[in-house]
Amino acid sequence: MSTQIKFTRINNDTNGNPRYVCHFLNLLTEIESNNYDISVSEQYNTALQRAKKIGGKKFHNKQYGGGIVFQSYNISETEKDIQNLLK
């Protein structure tokens, strides 16, 4: 799977580190995201568990529903890490 993940730049954290948010569906395999027997909340929890392995956190904000936030100075490396999680 070589699709590019769309990240949205959000405000820096309190220490000035850059943060980016992406939709949780980017952290699911194609089979998981197309399986309608699994509820959306279960899919979100699966994606969140994967994201936490590489430093991702739940994004608590109305501006971006279903978001997972990453603190990163190199977003292309973060994207590669996500792709490696899905293999």
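Refer to the structure printed above.
Here goes a summary of the coordinates provided. (Residues numbered from 1 in each chain as written. Predicted model: local features only at pLDDT ≥ 70, side-chain atom pairs only at ≥ 80, totals over all residues. Heavy atoms only, no water.)

**Describing helix 3 (residues 75–85)**
Since one α-helical turn is 3.6 residues long, residues separated by three or four positions face the same way. Three or more residues of helix 3 are buried, namely Thr78, Glu79, Ile82 and Gln83. Angularly, the buried residues of helix 3 cover 145° about the axis, an arc narrow enough to put them on a single face. Those residues of helix 3 hidden inside the fold are in contact with strand 4 (67–71). (Buried < 20%, exposed > 50% of the residue type's maximum accessible area, 1.4 Å probe, protein only. Helix = DSSP H or I, 4+ residues; strand = E, 2+ residues; numbered from the N terminus. Arc of directions from axis to C-beta. Contact = heavy atoms within 4.5 Å.)

**Quick look at helix 2 (residues 40–52)**
Here helix 2 contains 13 residues, and its C-alpha end-to-end distance of 18 Å stays within 8% of the 18 Å for a straight helix at 1.5 Å per residue. Turning to helix 2, its buried residues number three or more, namely Gln43, Tyr44, Ala47, Leu48, Arg50 and Ala51. End-on, the buried residues of helix 2 take up no more than an arc of 160°, which puts them together on one face. Among the exposed residues of helix 2, those oriented more than 90 degrees off its buried face are Gln49 and Lys52. On its buried face, helix 2 is in contact with helix 1 (30–33), strand 3 (57–58), strand 4 and helix 3. (Expected span 1.5 Å × (residues − 1).)

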